[in-house]
Amino acid sequence: MDRTSTHHPYEHRVLVTAGEVNLEGNLVIPDGATGIVLFAHGSGSSRHSPRNRYVAGVLQQAGLATLLIDLLTLEEEEIDLRTRHLRFDIALLASRLVGATDWLVHNPDTRHLKVGYFGASTGAGAALVAAAERPEVVQAIVSRGGRPDLAGSALPHVKAPTLLIVGGYDMPVIAMNEDALEQLRSLPAGRSPSPKRLEIIPEATHLFEEPGTLAAVARLASEWFTHYLNHGV
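Parameters and conventions
Residues numbered from 1 in each chain as written. Predicted model: local features only at pLDDT ≥ 70, side-chain atom pairs only at ≥ 80, totals over all residues. Heavy atoms only, no water. Core = buried A, V, L, I, M, F, W, Y, C linked by side-chain atoms within 4.5 Å. Buried < 20%, exposed > 50% of the residue type's maximum accessible area, 1.4 Å probe, protein only. Helix = DSSP H or I, 4+ residues; strand = E, 2+ residues; numbered from the N terminus. Contact = heavy atoms within 4.5 Å. Axes fitted to C-alpha atoms, helices over the stretch in contact; angles between N-to-C directions. Parallel < 35°, antiparallel > 145°, perpendicular 65-115°, else oblique. Left-handed = near helix turned anticlockwise from the far one by under 90°. Pairing = 2+ DSSP bridges. Right-handed = clockwise from strand over helix to strand, strands pointing away. Salt bridge = Lys/Arg side-chain N within 4 Å of Asp/Glu carboxyl O. Lys, Arg positive; Asp, Glu negative; His and termini not counted. Phe/Tyr/Trp six-rings, centres within 6.5 Å; stacked < 30°, edge-to-face > 60°.

Within an unreviewed UniProt entry, the label attached to the protein reads Dienelactone hydrolase family protein, and the organism entered is Nostoc linckia FACHB-391.

Draft legend 1. Just the nonpolar core, in detail. Ranked by size, the top nonpolar core spans 45 residues in total, and within it Ile36, Leu38, Leu67, Ile69, Leu97, Tyr117 and Ile141 carry the most contacts. Ranked by residue count, the leading element in this core is helix 3 (residues 90–106), at 9 residues. Here Leu97 is in contact with Leu38, Ala40, Leu71, Tyr117, Ala126, Ala127 and Ala130, once residues within four sequence places are set aside. Listed in part, the 26 residues of the second largest apolar core include Phe39, Val142, Ile165 and Tyr228.

Draft legend 2. Layout of unusual backbone geometry. Notably, Ser121 is not glycine yet its phi reads approximately 55°, a positive angle. By secondary structure assignment, the location of Ser121 is in the loop between strand 6 (114–120) and helix 4 (122–133).

Draft legend 3. Local environment of the packing of helix 3 against helix 4. With their axes 8 Å apart at the nearest point, helix 3 and helix 4 run at an angle of 55° to one another. Classified by the angle between their axes, helix 3 and helix 4 sit oblique to one another. When the axes of helix 3 and helix 4 are compared, the crossing they make is right-handed. Together, Ile90, Leu93, Ala94, Leu97 and Val98 of helix 3 and Thr122, Gly125, Ala126, Ala127, Val129, Ala130 and Glu133 of helix 4 make up the contact between the two elements.

Draft legend 4. Molecular detail of the pairing of strand 7 (residues 138–144). In terms of residue burial, strand 7 counts as a mostly covered element, since 6 of its 7 residues are buried. The pairing of strand 6 with strand 7 spans 6 bridges and is parallel. Of the residues in strand 7, the one forming a bridge with Tyr117 is Ile141. Handedness of the β-α-β unit built from strand 6, helix 4 and strand 7 comes out right-handed. Pairing between strand 7 and strand 8 (residues 162–167): 4 bridges, direction parallel. Residue pairing in the sheet places Val142 in a bridge with Leu163 of strand 8.

Draft legend 5. Geometry of the pattern of salt bridges. Tallying each qualifying case throughout the model produces 8 salt bridges. Measuring nitrogen to oxygen at the nearest pair gives 3.0 Å for the salt bridge that ties Arg197 to Glu199. On the accessibility criterion, Glu199 (24% relative accessible area) is partly exposed. Two residues, Glu223 and Arg219, come together in a salt bridge whose shortest N-O distance is 3.5 Å. With Glu223 and Arg219 both in helix 6 (residues 213–230), this residue pair falls 4 residues apart, about one helical turn. Here Glu223 falls in the partly exposed class, since its relative accessible area comes to 45%.

Draft legend 6. The side chain of Arg144, seen in detail. Mapped onto the fold, Arg144 is located in strand 7. Look at Arg144: it is buried, it has no salt bridge, and the nearest opposite charge is Asp170 at 8.5 Å. Beyond its immediate sequence surroundings of up to four residues, Arg144 is in contact with Arg51, Asn52, Phe118, Gly119, Ala120, Ser121, Ile165, His206, Leu207, Phe208, Leu214 and Val217.

Draft legend 7. Local environment of the packing of aromatic side chains. Enumeration over the complete set of coordinates arrives at 2 aromatic pairs. On the basis of an interplanar angle of 55° and a centroid distance of 5.1 Å, the ring pair of Trp224 and Tyr228 is categorised as tilted. Note that Trp224 and Tyr228 are positioned in helix 6 at a spacing of 4 residues, about one turn of the helix. Pair check on accessibility: Trp224 and Tyr228 agree, each one buried.

Dropping the structure here:
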C-alpha cells in the first residue's frame, strides 16, 4: 500500500476488488483498532466527500479504522454523468459493498477487524442491503441523512445494530426513516432483536451544513461504532 496523504500519516490508497471491478479507496488503520467502518457514499459523492472525511477523522481519533471507497469506477462515473442511473442502482451499489466487505475479510491488514457500515443518502440504502447479505460479518450500521427505504424488503433481515441519523428540518427523509425503522424492528421468525434507533439532530438540514450539526453526527456515529466494533457487547 502506498501512503498518499500528507494530512494523516496512516492513510493508504488501496485498490479494493469487488466482483469484476477494482474500486479506489483510502484506508486508515489506527494502532490498536479492533473495528473498521466502510463508508457508502450518496449519489454524486465520492471518497473525497469532505463530510464523510470529517466523520472518518473523528472515528479514527476514537481508534476505529476506516475505508472510504468509490462504489463506481471512473468509467462508470463518466457514463453516469449522461445517464444518472448507476448512482441510484441500489442492487449494484450493494453488490459492490458486499465485494468490498469480502475484501476486508480476506485482506491480511483488515481481516481481524470487526466491520461496520456508514451510509449517507442513497449509500445508506445500499449499506442496509449489503448488511442483510453479510449478516455474520457486518456488526454495526450508521446512516446519515440516509434513504433506508431504498433497501426495501431487505430491512427486516438486517441483524446489525443500526443507528439512523436525520436532520430535524429534513422532513421527507424523517418520514422515510421512521417507516424504515419500523421495518428494521420487525423480525423474521426465530431471530432475536438487535438495537435499532432513530436520532434527529435539531435545526439540521439534509447535508448537516449548520454549525455543530455534522459534529453531532460524528459524535453519535463514533459512540455507536466504538460500542459495537471496538468493545463489543
